[in-house]
Amino acid sequence: MQKYYEQYKEQNFVIVAVNNSDEPNIAREFIKEHPSTFPIVLDNSPEAMAIQQQQYQTLIGMTAVPLNYLIGPDGKVACAWYGGDMGMLVEALALLGIK
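Rules used throughout
Residues numbered from 1 in each chain as written. Predicted model: local features only at pLDDT ≥ 70, side-chain atom pairs only at ≥ 80, totals over all residues. Heavy atoms only, no water. Salt bridge = Lys/Arg side-chain N within 4 Å of Asp/Glu carboxyl O. Buried < 20%, exposed > 50% of the residue type's maximum accessible area, 1.4 Å probe, protein only. Pairing = 2+ DSSP bridges. Helix = DSSP H or I, 4+ residues; strand = E, 2+ residues; numbered from the N terminus.

Looking now at the pattern of salt bridges. A full pass over the atoms with the stated rule returns 1 salt bridge. For Glu6, the salt bridge goes to Lys9, with nearest N and O atoms at 3.3 Å. We classify Glu6 as partly exposed; its relative accessible area is 37%. Lys9 sits in the partly exposed class, given a relative accessible area of 32%.

This is the structure in structure tokens:
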């Protein structure tokens, strides 16, 4: 994600990562190993975990991590996808005119 953030940040592209799956020490270790310059929010509160379990982990054939949203300049979700396929990000950005 850092690579894409660096590539597109001058075109009003922002990444905010939210991790609600890992214990804070695991997430912090990952962040140390994969530094980023975009904000990462850690929230493994019972409420966040319940939402993940109830709404996302129940989808057949899919896991909730990572769940990605691309928000357009109008503030609406332009694209959402599961998994680490950043090709989806590039395609969605192209639809928004970001290349």
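Next comes the rest of the write-up.
Two strands pair when backbone bridges link them, and strand 3 (residues 67–71) and strand 4 (residues 77–82) are joined in this way by 5 bridges, in the antiparallel orientation. Paired with Leu70 across the bridge in strand 4 is Cys79. A loop of 5 residues connects strand 3 with strand 4, the two strands running antiparallel in sequence, and Gly75 in this loop sits at a positive phi of about 85°.

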